[in-house]
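Tertiary structure, described
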Amino acid sequence: EASELIPGTAHVTAIVVSHDGARLLPATLDGLKAQSRAVDASIGVDTGSSDGSSGVLRSGLPSGATVLDAPGAFFGTAVAAAVHSTHEAANEAQSSWYWLLHDDSAPEPDALKHLLDAVEKAPSVTVAGCKQVEANRPDRLVDVGLTMTRSGRRFNRVAPDEVDQGQYDHTSDSLGVNSAGLLIRADVYATLGGFDPALPGVGDDVDLGRRAWLAGHRVVVVPEARIRHHNDEVEAVSGPRVTERAAAYSRLKFASGLALPFLAVWMLIA
């Protein structure tokens, strides 16, 4: 069982993943450096950018940060490369955490502090996420926690262009949270095996949360922790075919053994 985290003892490694994000990446790195509760270590991973993002990571991350090049990697595999590079025994400890950031997601100054407050108050919480707001219109919501439909689709209950009026500020437990700003305990990440590489960018975040729940952990969204995120419509970016394949995979993955053959045949016909 998880032991209670002693306040102030968490070791947080920020992992920033970039892909052709040189235009937006400086705001992410400025947000990281402006945290009222500073991270303890930083790792940048560039997935083969052609716009100089790797150089922006090297110049913009805090002093002593590591920057890796992982051409062709998706977000989840880039995070795995960063975790693999640490080679620290502390990664197995319950006081070690990973904080994941996209190249287009700028955390507000108290974001990490609020996330750590949440996990310190409830040791059963091993994954915590942020309220996502539009970068250019921070009064508009992107998402406040995620779930999955019965058909396996990643579902965001926030309506397009919805104004933030505090209507979700009492939200806590969630099936999944956006991977931008996601805080996960290192030993839980290792046990779960990180993100599923069969879901490269569509539904990988809610899949991780669902597996955490099935393993007996809690996943929460912390509305006080805010991330300014550029358009995060992953389905629009990836296209309908990728989205449908991800939904089909997720539905089959979590189906019962008895239902699996019938579901597979029905999905093939459909």
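Description of the structure in this document.

Reading the values: rules and limits
Residues numbered from 1 in each chain as written. Predicted model: local features only at pLDDT ≥ 70, side-chain atom pairs only at ≥ 80, totals over all residues. Heavy atoms only, no water. Helix = DSSP H or I, 4+ residues; strand = E, 2+ residues; numbered from the N terminus. Buried < 20%, exposed > 50% of the residue type's maximum accessible area, 1.4 Å probe, protein only. Contact = heavy atoms within 4.5 Å. Areas by Shrake-Rupley, 256 points an atom, 1.4 Å probe, with all protein chains shown as cover. Polar contact = N/O pair within 3.5 Å; in protein donor to acceptor, adjacent residues only side chain to side chain. Phe/Tyr/Trp six-rings, centres within 6.5 Å; stacked < 30°, edge-to-face > 60°. Salt bridge = Lys/Arg side-chain N within 4 Å of Asp/Glu carboxyl O. Core = buried A, V, L, I, M, F, W, Y, C linked by side-chain atoms within 4.5 Å. Axes fitted to C-alpha atoms, helices over the stretch in contact; angles between N-to-C directions. Parallel < 35°, antiparallel > 145°, perpendicular 65-115°, else oblique. Left-handed = near helix turned anticlockwise from the far one by under 90°. Nonpolar A, V, L, I, M, F, W, Y, C, P; charged D, E, K, R; others polar. Arc of directions from axis to C-beta. Pairing = 2+ DSSP bridges. Right-handed = clockwise from strand over helix to strand, strands pointing away.

Thoughts on the overall build of the protein chain
Assigned secondary structure in the protein chain consists of 9 helices and 11 strands. Out of the 270 residues belonging to the protein chain, those deemed buried represent 50%. Counting contacts in the protein chain only where the partners sit at least 6 residues apart, residues at least 24 apart contribute 76% of the total. Surface summary for the protein chain: the accessible area is close to 12,400 Å², and the carbon and sulfur share equals 55%.

A closer look at the side chain of D207
Note on placement: D207 falls in helix 6 (residues 204–214). By relative accessible area, D207 is classed as buried at 0%. Here R211 takes part through its side chain, which lies 2.9 Å from a polar atom of the side chain of D207.

Considerations on the packing of aromatic side chains
Summed over the entire model, instances satisfying the criterion amount to 2 aromatic pairs. For the pair F75 and F195, a centre-to-centre distance of 5.8 Å together with 70° between the ring planes defines the contact as edge-to-face. Residue F75 is located in helix 3 (residues 75–86), and its partner F195 is located in the loop between helix 5 (186–192) and helix 6; the two are separated by 120 residues in the primary sequence. Across the pair, F195 and F75 agree in class, each one buried.

Regarding the pattern of salt bridges
Under the defined criterion, the tally for this structure stands at 16 salt bridges. Linking D161 and R140 is a salt bridge whose minimum nitrogen-to-oxygen distance equals 3.0 Å. Of this pair, D161 sits in the loop between strand 9 (154–155) and strand 10 (183–185) while R140 sits in the loop between strand 6 (125–134) and strand 7 (141–143), placing them 21 residues apart in sequence. Salt-bridge contacts for R211 lead to D207; the nearest nitrogen and oxygen are separated by 2.9 Å. Residue R211 and its partner D207 are both found in helix 6; the two are separated by 4 residues, about one turn of the helix. By sharing partners, the salt bridges in this structure join E108, K131, D164, D169, R226 and R228 into a single network.

Structural notes on the nonpolar core
The biggest cluster of nonpolar side chains holds 31 residues, and the ones touching the most others in it are I15, V79, Y98, L100, V127, L182 and I184. Every element with two or more residues in this core is listed here: strand 1 (11–18), strand 2 (41–46), helix 3, strand 4 (96–102), strand 6, helix 5, helix 6 and strand 11 (218–229). Here this core takes 5 residues from helix 3, the largest share from any one element. Among the nonpolar cores identified, the runner-up in size contains 28 residues, and A14, V67, A122 and V125 belong to it.

Some points on the packing of helix 1 (residues 25–33) against helix 2 (residues 53–60)
Interaxial distance between helix 1 and helix 2 falls to 10 Å at its minimum, and their mutual angle equals 20°. The angle between the axes of helix 1 and helix 2 places the two elements in the roughly parallel class. Here helix 1 and helix 2 pass one another in a crossing that is right-handed. Judged by residue contacts, L25, P26, L29 and K33 of helix 1 engage S53, V56, L57 and G60 from helix 2. Partitioned by chemical class, the residues of the contact of helix 1 with helix 2 number 5 nonpolar, 2 polar and 1 charged.

What about helix 4 (residues 111–121)?
Looking at helix 4, one finds that the buried residues are A111, L112, L115, L116, V119 and E120. Take helix 4 and look down its axis: the buried residues cluster within an arc of 160°, on one side only. Where helix 4 is buried, its residues touch strand 1, strand 4, strand 5 (105–107), strand 6, strand 10 and strand 11.

A closer look at the pairing of strand 2
Taking burial as the measure, the 6 residues of strand 2 include 5 buried ones, the bulk of the element. Here strand 1 runs beside strand 2; their pairing, made up of 6 bridges, is parallel. Counterpart to S18 in the pairing with strand 2 is D46. In the classification by handedness, the crossover that spans strand 1, the intervening helix 1 and the parallel strand 2 is right-handed. In terms of strand pairing, strand 2 meets strand 3 (residues 66–69) through 4 bridges, oriented parallel. Residue V45 lies in a different strand from strand 3, and its bridge partner there is L68.

Thoughts on unusual backbone geometry
Of note in the backbone geometry, D20 takes a positive phi value of approximately 50° without being a glycine. Within the fold, D20 resides in the loop between strand 1 and helix 1. The backbone phi angle of D161 is positive, close to 65°, even though this residue is not glycine. Assessed through its relative accessible area of 40%, D161 is described here as partly exposed.

Read these as spatial facts, not as claims about activity.
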